[in-house]
Amino acid sequence: MGSSELWEQISQYEPPRIAFNKFVSDFVEEKGRFPRIAVDGYLWLFECGYFDEPKNIPKILLNWLRKLKEFLQLRCYIVVIFDNTFKIDGKRQKRRNDATLWNSYWLMRSINQVQQTNVNHVDNSIVQCCKMLNVKIINAPGEGEAQCAYLQMSGEVDYVLSNDADVLSFGATKILKNYSKHGWEDIPNSTLSPKKSKQNERFITFIDMDKIVDWDQNRFILFNLLVGSDYNKGVKNFGGKRAAVLCKSQDPDLSKRLSEVLSNVNFHGKKEADLKWNQFGKDILRVVQQKSKSLFGMNLKSMLHLKEFTDWPSITVGLFYKEAIVEKHMKLPRRENDIINELDIESFAHFLQSNEITKYVSDFFKWLREYLHCCTILNFIWKHPDPFNGTYRLIDYRDVSVCDGLHKYKEVCVRYKPFLHILDDSTEEISETILLGKRSRSESPIRQSIKSPTKSTILRSKYPNYIWLPTGTIPKALLEHLNKELSNDIERREMSLSLSSPKKSPFKRSRGSSLSPQKSTLDRFLTKRSCPGSAVKNLTSALLQEREKPSETISTLSHAVSVVEQSVQEIPHINLVDSDSDQDSSCSNLRS
């Protein structure tokens, strides 16, 4: 697994944590193609629980299928790489001397082009599953991480998906680390993860060595030689912090010396190579003794009396990193994983049933139908980028915000009908009640008004399945067609609302607190001609007080009625025209 302290040094540069859907979407928009990723096979086996429950093949196989689905549904080209027998472990095989390691290394390099038929320590069901889904598997001649790094450096793939820090020492410059559901927390995904995440969004930590100028492959190798790795125990009294300071030092730059010492080494020149290598170790010790105060801020008294490093590794360890055992004549196909044309669905279903995957899947054929369509829908869209193809249709957009709004991107809803023929395919037909609306049996069909089906109902009946995909993974012509459809729907909706709403006269005011346009009204008449203490007012107040004191208000009511009758008889004439002069005269008449 390499040195974990190397990841601690890289984490100081704060590599970004990105949602994987957004990462793929941005890559497609920038490059115009989908990413190609080399996957560390043993990392996936570990995350699937292969080494925890090696006998539970159905569960492991189901977890493996989920891993593949997450990449295939985004149309990523993936190649899974496993380790082979041509590797050494310097920590476990302590009894090996330098001569044995030297001979083993050059023997492995001489026969590294031999193709192995079986993958070591991997169940055949995993290998067979990848082959049936047209996912390429490489049995690396040595370390799988070394082969991943070589494919990335040679341009065969864009990224390396691995949590092993050795990929840095092997020369990889674009690494995807900790592919998991833990959001912005840089935590790996495995059965032993300290935290369990409830969200479904996957994230990756993207390490771009082009933006980390303090480190390169030679500095990573020197760091492993001092601290320790899979091939050596490390130098005594040298931890990660001191090793990082020494490796990043520009005066003197020891990493350049490392590249010179390991160049032009051959099998027959072991003595000369050992002399250069041991002298290189002594030069490092001399720098530490002379500049420890300026480099580390203190004098390392434990190293002042040393003539050479304790546990300084052999030159073979440096060669295993600098000149790793890889297949250098490998060319990958320049296309995405094509599952539609090369998948034998009947054989694949029989393979899954024979491996007893039905133990963890209730409705097997329904699950298989959904799984294969999710893996192939995006590939089908790019092969048939016609908005009127009749198999799929883009419906609407939605905004995705995860990690408290830290990551935002857009997705588009794609509705589709089944386009893969699967055994026992019981595609449900949409009944007439869905299109015409449900009605109870007691209601008469004549009396009930049948409404026309809406557009969404028709689309659901024609395309029963749907999936949300990042907008960057969809052809731009289809997105432009969807934008036109949505804008037309908005215009059509606004037009229908304007036609259905009643037309209002521009001269007619709405009822409410505003005054009526009529000049003479009964309310205005009574308001202008009512005076304090008038008979009308006394009559109204008497009527309101009748409920509270019925016995006392009888006399008051009769007196008010007689006063009103007398007032009416005395009023000779009342002009209903609303004017200020009439108001004054009427008030004077009432007072008299």
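Quantities reported herein were computed from a predicted structural model and do not represent experimental measurements. (Residues numbered from 1 in each chain as written. Predicted model: local features only at pLDDT ≥ 70, side-chain atom pairs only at ≥ 80, totals over all residues. Heavy atoms only, no water.)

(A) Structural context of the overall build of the protein chain. Secondary structure summary: the protein chain contains 22 helices and 10 strands in total. A total of 592 residues make up the protein chain; the buried ones form 45% of that total. A sequence separation of at least 24 residues applies to 74% of the contacts in the protein chain between residues at least 6 apart. Taken as a whole, the protein chain presents about 33,900 Å² of accessible surface, with 51% of it coming from carbon and sulfur. (Helix = DSSP H or I, 4+ residues; strand = E, 2+ residues; numbered from the N terminus. Buried < 20%, exposed > 50% of the residue type's maximum accessible area, 1.4 Å probe, protein only. Contact = heavy atoms within 4.5 Å. Areas by Shrake-Rupley, 256 points an atom, 1.4 Å probe, with all protein chains shown as cover.)

(B) How the structure looks around the packing of helix α10 (residues 240-248) against helix α12 (residues 270-296). It is the contact of α10 with α12, at a shortest axis distance of 11 Å, that shows an interaxial angle of 100°. As far as their axial angle goes, α12 and α10 are roughly perpendicular. Touching R242, V245 and L246 of α10 are I284, V287, V288, L295 and F296, all from α12. For the contact of α10 with α12, the residue count by class is seven nonpolar, no polar and one charged. (Axes fitted to C-alpha atoms, helices over the stretch in contact; angles between N-to-C directions. Parallel < 35°, antiparallel > 145°, perpendicular 65-115°, else oblique. Nonpolar A, V, L, I, M, F, W, Y, C, P; charged D, E, K, R; others polar.)

(C) Representation of the sheet that holds strand β1 (residues 17-19) in the model. Taken in spatial order, the seven strands of this open sheet run β1-β7-β6-β5-β2-β3-β4, and their pairing is mixed. The open sheet has two free edges, formed respectively by β1 and β4 (136-139), since each of these has just one partner strand. Each adjacent strand pair in this sheet contributes to an overall mean axis angle of 30°, direction not counted. Here strand β3 (residues 77-82) runs beside β4; their pairing, made up of four bridges, is parallel. Considered in β4, the bridge of I81 is made with I138. Packed on one face of the sheet, helix α4 (residues 57-72) meets β2 (36-40), β3, β5 (159-161) and β6 (174-180) and runs near 145° to β3. (Pairing = 2+ DSSP bridges.)

(D) Geometry of the packing of aromatic side chains. All told, the structure shown has 36 aromatic pairs when counted by the stated rule. Sitting above the plane of the Y77 ring, R36 keeps its charged end 4.4 Å from the centroid. Sitting above the plane of the W102 ring, K270 keeps its charged end 5.8 Å from the centroid. (Phe/Tyr/Trp six-rings, centres within 6.5 Å; stacked < 30°, edge-to-face > 60°. Lys NZ or Arg CZ within 6 Å of the ring centre and 35° of its normal.)

(E) Local environment of the pattern of salt bridges. Here the structure, examined in full by the defined rule, presents 19 salt bridges. Close ionic contact of R257 with D283 constitutes a salt bridge, the shortest N to O distance being 3.0 Å. Note that R257 is positioned in helix α11 (residues 254-261) and D283 in helix α12, a separation of 26 residues in sequence. The exposure class of R257 is partly exposed, given its relative accessible area of 31%. Of the charged contacts, one joins D283 and R286 as a salt bridge, the two residues approaching to 2.8 Å between their closest N and O atoms. Residue D283 and its partner R286 are both found in helix α12; the two are separated by three residues, about one turn of the helix. By relative accessible area, R286 is classed as partly exposed at 38%. Sharing partners across several salt bridges, the network here consists of R17, K177 and D186. (Salt bridge = Lys/Arg side-chain N within 4 Å of Asp/Glu carboxyl O.)

(F) The arrangement of the packing of helix α9 (residues 217-227) against α11 in detail. Relative orientation of the contacting elements α9 and α11 amounts to 90°, with a least axis distance of 9 Å. Classified by the interaxial angle, the pair formed by α9 and α11 is roughly perpendicular. Counted together, N218, R219, I221, L222 and L225 of α9 and L254, S255, L258 and S259 of α11 form the full contact between these two elements. In the contact of α9 with α11, the residues fall into five nonpolar, three polar and one charged.

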